[in-house]
Amino acid sequence: MAFSIPHPVTKQEEEEWHELQTVLQSGILDKAPNLRHFLEYVAQQYFSGHTEQLKEYSIAVQALHRLEQFDPQSDTIVRVTAHTLRKKLDQYYATEGADHAIQIRLPAGKYVLQFERREQVSVLAVDHAEASRPEQPVAALPAPSSALRKTWVYVAVLGAATALLVGSHFVRNRRTESPTKPSFTAVTKSTAVAPAFAEAVGAATDRAIRIRLGATTHSYTDAAGQLWLADRYCTGGLTFSHPNQEIRGTDDPALFQEGREGKFQCRIPVPQGSYQLLLLFADTSGDREAARQVDFSINNAVTAALDVVDEAGGDNIVVGKVYAGIHPMSDGNIHLDFTSDGSFLNAAEIVPAESDGGAPMRMLAGPAVFHDDQGNIWSPERFFHGGRRSFHPDNLPKVANARLFEWERYGHFHYLIPVVAGKDYRMRLYFSEGWFGVGNGGPGGPGSRVFDVYCNGTTLLKDFDILQGQNGGAGVIAFDHVKPTAHGMLELDFTPVKNYPLIDAIEIEPE
């Protein structure tokens, strides 16, 4: 689909038109046709002078292929696409488009394009941050009974300066940054750095190396703005590509549509230190359960065999496996050896981590990145199954770090989160009620949404009601001594009692 965008008449329109063409030809939307259709359609209305027609319904039907029966109350495609496009544009102008005299913006909650002169950008960003500053901390919710010890915790208050920085820059700086107190030694100019590690660090500041295996020859930037290097440091076996497969449990299907299979070896050079290794799989071959047993060793230590389909519960579903306390061998490499004919791997991530429990995991229930006031990085959602997303940037609770509650997953859903087997974890679940209750302009009140939460079959929350006894519209529950399955998984299940359960963010740290 291509929309006819009228040629400009005035000099100002011509400059704006040329900037639009530059963005469309930049390649940032080549793999995201919905984003391109959205941008072309709203641009068509802008240059035609018909911005009054830019409604959620018209965008859904005319740009995003929705049927005439489209209901914006039950289908959030327009809001989600607008949010993603907004982030893409901000990312573009934070990198290759940073010096452009005109920059295209899609304001939050609106669908009319804005063409900003570069000298306006910094002022507008500060104004936006000031307007969106959180107002007050949230009161803790009463602790429900549970077999596990758990405590309600407060959401920390943002300082004024931090609020300005986060509000104006978190979207633009999608590449991850080092936390305030890193758990590893930073690489200095005098340190001998392995080539792959140096290339990865050159593109991001989280001191990680990420490799996308398979036939690909190009690097890939994921939903978090993290760089995945093209296939390297692996030999043997065969590469494969299944580009048309729909992958569940990720916003980055490209990471799982290619890979290496069979008997192969990887020698990944890294500086001296302790690392967490995350291996990513999705079986796209269509084989039957147990037909592709993955056998492999890490630094000559044999790991438990893995049946990806059995672990995930089906084909084309993402599975992650985490291993910590990994050090390079005497040759300066981390060794991975896949030893069975049915072995395969889609992608691998190596992150410095001192703890044998691995690195903390913080994720939002949506395709966004957030830097909180403690310097922590919250990444896009991973390892999710079922349910749907909702995005409500204009209805956030009046609490610090309010953007933790910008996205939610609701419905019938669960997570299969990989951690290190045999270790204990502290888990925090973040909740905000954005629909029921007078304060939200919705029906009902306490008792309108009730659900249970289980982890590996153990009850975490029973008959849980977000609204019951809370102030401020949000809260966080902490669970101590959470133990993974023998396979190194935290299986979180959300079960409805009355209306759908929901979750806004999840945080997991090794104890």
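Residues numbered from 1 in each chain as written. Predicted model: local features only at pLDDT ≥ 70, side-chain atom pairs only at ≥ 80, totals over all residues. Heavy atoms only, no water.

(A) Molecular detail of the sheet that holds strand β14 (residues 319–326). Here we have four strands laid out as an open sheet, ordered β4-β17-β9-β14, and antiparallel in their pairing. Lying at the two open borders of the sheet, with one neighbouring strand each, are β4 (209–212) and β14. Taking the axes of each pair of neighbouring strands and ignoring which way they run, one obtains an average angle of 15° across the sheet. Examined bridge by bridge, strand β9 (residues 275–281) and strand β17 (residues 347–352) share six bridges and lie antiparallel to one another. Paired with Leu278 across the bridge in β17 is Glu349. (Pairing = 2+ DSSP bridges. Helix = DSSP H or I, 4+ residues; strand = E, 2+ residues; numbered from the N terminus. Axes fitted to C-alpha atoms, helices over the stretch in contact; angles between N-to-C directions.)

(B) Representation of the environment of Ala400 in the model. Relative to the helices and strands, Ala400 is located in the loop between β21 (384–391) and β22 (407–418). Once the C-alpha coordinates of Ala400 and Asp373 are considered, the two residues, 27 residues apart in sequence, prove to be 8.6 Å apart.

(C) Expanded view of the pairing of strand β1 (residues 102–105). Alternating residues of β1 divide into Ile102 and Ile104 and Gln103 and Arg105, and every residue in both groups is buried. Here β1 pairs with strand β2 (residues 114–117) via four bridges, running antiparallel. Across the sheet, the residue bridging to Ile104 is Phe115, located in β2. (Buried < 20%, exposed > 50% of the residue type's maximum accessible area, 1.4 Å probe, protein only.)

(D) Here's a closer look at the packing of aromatic side chains. For the structure shown, the criterion picks out 21 aromatic pairs. Each ring, one from Tyr46 and one from Phe115, has its centre 5.0 Å from the other, and the planes form 40°; the classification is tilted. One end of the pair, Tyr46, is in helix α2 (residues 33–48); the other, Phe115, is in strand β2, with 69 residues separating them in the sequence. For Tyr46, a relative accessible area of 24% puts it in the partly exposed group. With centroids separated by 6.0 Å and ring planes inclined at 85°, the aromatic side chains of Phe413 and Tyr415 adopt a geometry described as edge-to-face. In this pair, the class of Phe413 matches that of Tyr415, namely buried. An aromatic cluster is present here, built from Phe264, Phe296, Tyr323 and Phe338 joined pairwise through their rings. When the ring centre of Phe384 is taken as origin, the NZ or CZ atom of Arg389, which lies over that ring, is 5.0 Å away. (Phe/Tyr/Trp six-rings, centres within 6.5 Å; stacked < 30°, edge-to-face > 60°. Lys NZ or Arg CZ within 6 Å of the ring centre and 35° of its normal.)

(E) Representation of the nonpolar core. In terms of nonpolar packing, the biggest core is built from 45 residues, with Tyr415, Phe431, Leu492 and Ile506 touching the most fellow members. Counting residues in hydrophobic clusters, the runner-up holds 35 residues, among them Leu24, Phe70, Val78 and Leu106. (Core = buried A, V, L, I, M, F, W, Y, C linked by side-chain atoms within 4.5 Å.)

(F) Representation of the pattern of salt bridges in the model. Tallied over the entire structure, the rule returns 21 salt bridges. Its salt-bridge partner being Glu509, residue Arg428 comes within 2.7 Å of it at the nearest N-O pair. Here the residue Arg428 occupies a position in strand β23 (residues 425–432), and Glu509 occupies one in strand β29 (residues 505–510), the gap between them amounting to 81 residues. For Arg428, a relative accessible area of 15% puts it in the buried group. The residue Lys462 makes a salt bridge to Asp452 at a minimum N-O spacing of 3.2 Å. (Salt bridge = Lys/Arg side-chain N within 4 Å of Asp/Glu carboxyl O.)

(G) Quick look at the environment of Leu279. Note that Leu279 resides in strand β9. Judged by its relative accessible area of 0%, Leu279 is buried. Taking C-alpha positions, Leu279 is 6.6 Å from Val322, a pair spaced 43 residues apart along the chain.

(H) Geometry of the pairing of β9. Along β9, seven of the seven residues are buried, which leaves the element largely enclosed by surrounding structure. Residues of β9 alternate between two faces, with Tyr275, Leu277, Leu279 and Phe281 on one and Gln276, Leu278 and Leu280 on the opposite face, all of them buried. Here β9 pairs with β14 via six bridges, running antiparallel. Its bridge partner lying in β14, Tyr275 is registered against Ile326.

(I) The arrangement of the side chain of Asn333 in detail. With respect to the helices and strands, Asn333 occurs in strand β15 (residues 333–338). A relative accessible area of 14% places Asn333 in the buried class. With residues up to four places along the chain from it excluded, the contact list for Asn333 reads Arg267, Ile268, Pro269, Asn299 and Pro328. (Contact = heavy atoms within 4.5 Å.)

(J) View of the packing of helix α1 (residues 11–24) against α2. Where α1 meets α2, the closest approach of the two axes is 12 Å, and the angle between their N-to-C directions is 170°. The orientation of α1 with respect to α2, classified from their angle, is roughly antiparallel. For the pair α1 and α2, contact is made by Glu13, Glu16, Trp17, Leu20, Val23 and Leu24 and by Arg36, Leu39, Glu40, Ala43, Tyr46 and Phe47, respectively. Per-class residue counts for the contact of α1 with α2 are eight nonpolar, no polar and four charged. (Parallel < 35°, antiparallel > 145°, perpendicular 65-115°, else oblique. Nonpolar A, V, L, I, M, F, W, Y, C, P; charged D, E, K, R; others polar.)

(K) Geometry of the environment of Gly447. Along the chain, Gly447 falls in the loop between β23 and β24 (450–455). Separated by eleven residues in the primary sequence, Gly447 and Phe436 place their C-alpha atoms 9.4 Å from one another. Beyond its immediate sequence surroundings of up to four residues, Gly447 is in contact with Asp465 and Lys498.

(L) Just α1, in detail. Under the 1.5 Å per step criterion, the end-to-end length of α1 is 20 Å for 14 residues, consistent within 8% with the ideal 20 Å. Regarding α1, the residues found buried are Glu16, Trp17, Glu19, Leu20, Gln21, Val23 and Leu24. Contacts made by the buried residues of α1 are with α2, α4 (77–94), β1 and β2. (Expected span 1.5 Å × (residues − 1).)

Nothing here speaks to function; it is geometry throughout.
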